[in-house]
Amino acid sequence: MAAYQAVRNAFVQRDPTSVVQVTANFRSEPAILEHVNSCFRMPLAAPGQPGYVALAPTLGLHDGSVPCAAKITIDVRALSAGQQRDAEAEAVAALCSRIVGTVDIRRRDGVRTPLRPGDIALLAPTGSELWRYERELEAQGLAVASQAGKALMRRQETQDVLALLRALADPFDTLAFGAFLRGPMVGLTEARLLAVTAGLPPIPGGRQANFTLQTAPSQVADAEAREVLEALQALRRKVASATPAALLGEAAERLYLRVALALRTGDRGGRAIANLDALITLARPYRVRGLAAFVADLKTDWEAGRGVTEGRIDESEGAITLVTIHTAKGLEWPVVIPVNTGTQLRGPEQFVHRQSDNTLHWVLGGLPPPQLADAQAEEAAEAARERERLWYVACTRARNLLVLPDLVGAGPSSWARILDLGTSRLPELKVTALHRGPGPRLLVEPNEQTLDVFATEAAAATAAAPPVVWRRPSEHDPDLPEVEEMEAGEGAEDLGEPMRPMGAGRVRGMLLHKLMEEMVTGELLIEPPIVAARAVELAEELRVLEAGEASYPDPQECASTALRARGMPELESLWPSLHAEVPLFAKDYDGALVAGRADALSVVDGRIEAVVDWKSDLDPSSAVRVAYAEQIKAYLRATGALRGVLVYVSRGEVVWVRRGDG
């Protein structure tokens, strides 16, 4: 505020006519603006405030069934802070359930339509215990898009995910294993779990076997339990190699967790699914520490009920918005209801930065300095002025209906008592006088499905969703480093079986490829001593990276081989136009998607003229040569180049391939 006033004063001093007062309001109904003007004219015109300019309405008079500015009275006398919030949450949730579908509001285009849940915003000055309001709204069958709550550790989906991760981290944690199977994510009843256990073959000694994560799936008769067990065991095998975030993400897909969350709640699971994504986000920093550490920290937070912000979902017509007033700046809704205003204001800070003279004041050794009280008073006054401005923000977010809770008996140091909001002048919005609206309902149409209709629709769905096939020509190139690959699905395709370098080692091929790449890029000068020295450096690096290899290449031999390839007369005209290690993505002639990396491309005037592929084989068979030719043809089709060249650097041989060759 001090910065705003300083800039404003600078403009006024330079030119008194430079300040233009903006008074026209295109958002709110006239009755709302009239009430806002009456409440905030004096407070915001006081010293230390920016000054107040009355808002002038631009909309016509309201002709709806309820007043545009109203109150609901809630008696909170002799109630604790939690009880006050519960009472207010119950009253506000009852109001919302009554006005949804009952009250008509004027839309931007002038048409009046019934109120939807997404038209309502609950604005809170703080995020303290907003889960109480969420709970009451959901009890009324209303979905909530909360952007202010910190109740992630209180949510059922968090408990379910924790049980899942505990079982994956420790296969002997039968309590977590059973909790996940019995919980709403899977939903197996105790009777079914007992039946599964009873059906297991006895262990040696005649004792009854337990149903655990280590049970053989073939011994489980229940089809659903067996399917979940197989998925969990597949995930368990990846615990040591996958990050916790990747593991939880794959679990969500394998176990259809998002589907289960969508079916479990009336709001199509939007909030719960967003919280699942929030838990995946929480797992990302544990990529090095591992799953056990993430499970331990998550369990600690869950047991302590630590405040963790929930996942954010996109606002929709079917969910009431619950946000802080700070977050609401610049936004608007047809209906606004401030909530959580019984929250007590924070006491004075013991460490104060006084902005007026840019000084710091704090208690040292139990002795308060004489200026601390004055600094605290100054900061408290500024904080009070800021809260008055926040109340102004909250009241001016409403377009059609502003409902102010009148908390009878709220403490004098609460948000509800910061200023006089004029509730004594507002009419009571009597919930019982409103006919309960139908609420959000899905239109249920009669099921006219037949076998013929199903077959037609299935064929249309199949035609509209063709399988995606990836073709990776270089996936099994023997000269490339070995990397851990994700499991290929049905849509993955390669060109033939993995090829082995004929008579040359894989590490040697990697070294040669790197030397050729640096020659193409110009990083490596084409001088024998420099190339030889670089080959030695690369060989030492590969010896560390490829410690499991039985033999390693001779760097001097690799250097001379690379230099000989550089001097091949057949390639001399290509060298000036070559670009090394170019990633390629394209669609092939049959619709398959091509993904690969060309060793080098010849580019002239922005057009790819040729594709170059270095091969380190000493004695490639005819079958390997054919496979290499097919590999480079895939790149020719992807790039549109007419010719490619296979350079057998160890043999000093060049083989040209054209796109149309048979």
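Computed from a prediction, not measured in an experiment: that's the story for all the values here.

### Comments concerning the packing of aromatic side chains
The relation between two aromatic rings is expressed through the spacing of the ring centres and the mutual angle of the planes. Under the defined criterion, the tally for this structure stands at 6 aromatic pairs. Ring plane angle 75° and centroid distance 5.2 Å describe the contact between Phe 177 and Phe 211, whose orientation is recorded as edge-to-face. Placement of Phe 177 in helix H6 (residues 174-182) and of Phe 211 in the loop between helix H7 (190-198) and helix H8 (223-236) is noted, with a sequence separation of 34 residues between them. Just as Phe 177 is buried, Phe 211 falls in that class too. Between Tyr 286 and Phe 294, the ring centres sit 5.1 Å apart and the planes meet at 55°, which makes this aromatic pair tilted. We note Arg 387 situated over the ring of Trp 415; from NZ or CZ to the ring centre the distance is 5.8 Å. The residue whose ring lies beneath Arg 543 is Tyr 552, and the NZ or CZ to ring-centre distance is 4.4 Å.

### Observations regarding H7
Inspection of H7 places Leu 193, Val 196 and Thr 197 among the buried residues, and these make up the whole buried set. Here the buried residues of H7 occupy an arc of 100° about the axis, which is enough to place them on one side. Opposite the packed face of H7, turned more than 90 degrees from it, sit the exposed residues Ala 191, Leu 194 and Ala 198. Those residues of H7 hidden inside the fold are in contact with H6 and H8.

### Some thoughts on unusual backbone geometry
Phi angles above zero are rare outside glycine, and Tyr 256 is one such case at about 55°. In this fold, Tyr 256 is placed in the loop between helix H9 (244-254) and helix H10 (257-264). Owing to a relative accessible area of 51%, Tyr 256 belongs among the exposed residues under this scheme. For Asp 605, which is not a glycine, the phi torsion comes out positive at approximately 55°. Secondary-structure assignment places Asp 605 in the loop between strand E16 (593-604) and strand E17 (607-615). The exposure class of Asp 605 is exposed, given its relative accessible area of 79%.

### Description of the packing of helix H5 (residues 156-169) against helix H12 (residues 291-304)
For the pair H5 and H12, interaxial distance at closest approach is 10 Å and the crossing angle is 145°. In terms of crossing hand, the pair formed by H5 and H12 is left-handed. Taking contact as the criterion, the partners of Gln 159, Leu 162, Leu 165, Arg 166, Leu 168 and Ala 169 in H5 are, on H12, Leu 291, Phe 294, Val 295, Leu 298, Lys 299 and Trp 302. Looking at the contact of H5 with H12 residue by residue, the classes come out as 9 nonpolar, 1 polar and 2 charged.

### So, the nonpolar core
Soluble globular proteins: nonpolar side chains tend toward being buried together. With 52 residues, the main nonpolar core has Phe 180 and Leu 255 as its most contacted residues. Dropping the residues within four chain positions of it, Phe 180 is found in contact with Asp 160, Ala 163, Leu 164, Met 185, Val 186, Val 228, Leu 232, Leu 255 and Leu 257. Core analysis: the second largest hydrophobic core is formed by 36 residues, Val 76, Tyr 133, Val 339 and Leu 434 among them.

### Here's the deal with the confidence of the model for the protein chain
Taken as a whole, the protein chain shows an average pLDDT of 85; of its residues, 90% reach a score of 70 or greater. Predicted confidence for residues 481-504 stays below pLDDT 50, and this span has 47 contacts to residues more than four positions away or in other chains.

### Quick word on the pairing of strand E6 (residues 120-124)
Summarising burial for E6: 5 of the 5 residues are buried, a large majority. With burial as the criterion, each face of E6 is covered, one bearing Ile 120, Leu 122 and Ala 124 and the other bearing Ala 121 and Leu 123. Where E6 meets strand E9 (residues 333-338), 4 bridges bridge the pair, whose relative direction is parallel. Across the sheet, the residue bridging to Ala 121 is Val 336, located in E9.

### Structural notes on the environment of Ala 562
As for its placement among the helices and strands, Ala 562 is situated in helix H18 (residues 555-566). Its relative accessible area of 0% is what places Ala 562 among the buried residues. Taking the C-alpha atoms as reference points, Ala 562 and Ser 616, 54 residues apart in sequence, are found 10.0 Å from one another. When residues no more than four places from it in sequence are discounted, the contact partners of Ala 562 are Leu 512, Leu 515, Met 516 and Met 519.

### Examining the pattern of salt bridges
In a structure, side chains of opposite charge can pair up when their charged atoms sit close to one another. Scanning the entire structure with this criterion turns up 37 salt bridges. A salt bridge links Arg 155 to Glu 157; the nearest nitrogen and oxygen atoms lie 2.8 Å apart. We note that Arg 155, like Glu 157, is buried. Among the ionic pairs, Arg 534 bridges to Glu 537, the shortest N-O distance being 2.9 Å. Remark: Glu 537 and Arg 534 occur in helix H17 (residues 528-545); sequence separation between them is 3 residues, near one turn of the helix.

### A few points about the pairing of E16
Judged from the 2 bridges that link them, strand E13 (residues 470-471) and E16 form a sheet pairing that is parallel. Across the sheet, the residue bridging to Arg 471 is Val 594, located in E16. Inspection of the sheet shows strand E15 (residues 578-587) paired to E16 by 9 bridges, in the antiparallel sense. Residue pairing across strands places Ala 580 opposite Ala 600, the latter belonging to E16. Counted between consecutive antiparallel strands, the loop separating E15 from E16 contains 5 residues, among which Gly 591 sits at a positive phi close to 95°. Where E16 lies against E17, 5 bridges are found, and the strand directions are antiparallel. What sits directly across from Leu 601, in E17, is Val 611.

### Focus on a nonpolar patch on the surface
Together, Phe 351, Leu 360, Trp 362 and Leu 364 give the surface a local cluster of nonpolar side chains, amounting to about 440 Å² of exposed area. Inspection of the secondary structure assignment puts Leu 360 in strand E11 (residues 359-362).

### Let's talk about the sheet that holds E9
Read across the open sheet, the 6 strands follow the order E3-E12-E9-E6-E8-E7; overall the sheet is parallel. If you trace the sheet from one side to the other, it starts and ends with strand E3 (69-75) and strand E7 (143-146), each paired once. With direction set aside, neighbouring strand axes in the sheet form an average angle of 25°. Across 4 bridges, the pairing between E6 and strand E8 (residues 319-324) is parallel. The residue bridging Leu 122 from the neighbouring strand is Leu 322, located in E8. Set on the sheet, helix H14 (residues 372-395) makes contact with E6, E9 and strand E12 (398-408); between it and E12 the angle comes to about 130°.

### Re the environment of Ala 328
Looking at where Ala 328 falls in the secondary structure, it is placed in helix H13 (residues 325-328). For Ala 328, a relative accessible area of 0% translates into the label buried. Along the primary structure Ala 328 and Ala 121 are separated by 207 residues, whereas in three dimensions their C-alpha atoms are 9.2 Å apart. Once you skip the residues sitting within four places of it in the chain, Ala 328 turns out to touch Leu 123, Val 323, Trp 333 and Arg 397.

Thresholds, definitions, all that
- Residues numbered from 1 in each chain as written.
- Predicted model: local features only at pLDDT ≥ 70, side-chain atom pairs only at ≥ 80, totals over all residues.
- Heavy atoms only, no water.
- Phe/Tyr/Trp six-rings, centres within 6.5 Å; stacked < 30°, edge-to-face > 60°.
- Helix = DSSP H or I, 4+ residues; strand = E, 2+ residues; numbered from the N terminus.
- Buried < 20%, exposed > 50% of the residue type's maximum accessible area, 1.4 Å probe, protein only.
- Lys NZ or Arg CZ within 6 Å of the ring centre and 35° of its normal.
- Arc of directions from axis to C-beta.
- Contact = heavy atoms within 4.5 Å.
- Axes fitted to C-alpha atoms, helices over the stretch in contact; angles between N-to-C directions.
- Left-handed = near helix turned anticlockwise from the far one by under 90°.
- Nonpolar A, V, L, I, M, F, W, Y, C, P; charged D, E, K, R; others polar.
- Core = buried A, V, L, I, M, F, W, Y, C linked by side-chain atoms within 4.5 Å.
- pLDDT = per-residue confidence, 0-100.
- Pairing = 2+ DSSP bridges.
- Salt bridge = Lys/Arg side-chain N within 4 Å of Asp/Glu carboxyl O.
- Patch = residues over 30% accessible without salt bridge, like charges linked within 9 Å, V, L, I, M, F, W, Y side chains within 5 Å.
- Areas by Shrake-Rupley, 256 points an atom, 1.4 Å probe, with all protein chains shown as cover.

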